Amino acid sequence: PATCFVAAGAVDLSGKQVVAYTRISTREQRKNDNVEWHRQALERFIREYEATPLILKGGETLIVEQGPGWESPWNREPLNRAFAAAGENQTPVVALCTSRYLRHPDYWDNRKLAPTEEQLAEFAEFKRHYGVEAVATFLIPEATTGEEISFLTKLSQQMTRRKGRG
């Protein structure tokens, strides 16, 4: 994944606007407030890196996709919107980890599988097409799938615990 993605700490986000993007797989995750804790986690990381979310048309600051990460990026409307906004504004796209952008087609059968070389090549072309300077993740792009699952689980627990503390 390192060929397409960069760790947020490896690119200077300080003072920049960024396009915040996330993807959830299922309607059930949407019902369970996964979008909200993704939003909270992204806002926290964006602040920590001294960046600000780009305000998009309609006032939104987060582009959310619901669906599988293994589909071609060309066929994923929210991902296209995120990359078009980033290209137009010459700013990075940020997500929590690489699986928000891209997943192996057999991920649910074997969570150890990384995206295929073909997927990475297609994603690199997609990035070039929109002229996106950086596709950043707050977890290092080289993280294993197990490390991503652990990272997302811990974030979910932190963000939902924080929500309960009014």
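Scroll up to find the structure.
What this report covers is the structure whose coordinates are included nearby.

As a further point, take the pairing of strand β2 (residues 17-24). Across a regular strand the side chains alternate sides, sitting on one face of the sheet and then on the other. The element β2 is largely enclosed, with a buried count of seven among its eight residues. In this structure, β2 lies alongside strand β3 (residues 52-53), joined through two bridges in parallel fashion. When the bridges of β3 are listed, V18 appears paired with P53. Sheet topology note: the β2/strand β5 (residues 93-95) ladder contains two bridges and is parallel. If you follow V19 over to β5, its bridge partner there is V93.

One recurring pattern in soluble globular proteins is that nonpolar side chains are buried together. Ranked by internal contacts, the top residues of the largest apolar core, which has 27 residues, are L13, I46, V94, L96, F138, F151 and L155. At the level of secondary structure, the elements contributing two or more residues to this core comprise β2, α2 (34-48), β4 (62-66) and α6 (145-164). Considering every element that reaches this core, the biggest residue donor is α2, with six residues. The contact partners of I46, leaving out residues within four places of it in the chain, are V18, A20, A51, T52, P53, V94 and F138. Of all hydrophobic cores here, the second largest spans 22 residues; its members include C4, A95, Y101 and F123.

Time to look at the packing of helix α3 (residues 77-89) against helix α5 (residues 117-130). Think of two packed helices as two axes; the pair is described by the angle between the axes and how far apart they sit. At a minimum axis separation of 8 Å, α3 and α5 run at an interaxial angle of 45 degrees. The pairing of α3 with α5 is recorded here as oblique in orientation. Contacts between α3 and α5 involve L79, N80, F83, A84 and G87 from the former and F123, F126, K127 and Y130 from the latter. Residues belonging to the contact of α3 with α5 are distributed by class as follows: six nonpolar, two polar and one charged.

So, how was this worked out
Residues numbered from 1 in each chain as written. Predicted model: local features only at pLDDT ≥ 70, side-chain atom pairs only at ≥ 80, totals over all residues. Heavy atoms only, no water. Buried < 20%, exposed > 50% of the residue type's maximum accessible area, 1.4 Å probe, protein only. Helix = DSSP H or I, 4+ residues; strand = E, 2+ residues; numbered from the N terminus. Pairing = 2+ DSSP bridges. Core = buried A, V, L, I, M, F, W, Y, C linked by side-chain atoms within 4.5 Å. Contact = heavy atoms within 4.5 Å. Axes fitted to C-alpha atoms, helices over the stretch in contact; angles between N-to-C directions. Parallel < 35°, antiparallel > 145°, perpendicular 65-115°, else oblique. Nonpolar A, V, L, I, M, F, W, Y, C, P; charged D, E, K, R; others polar.

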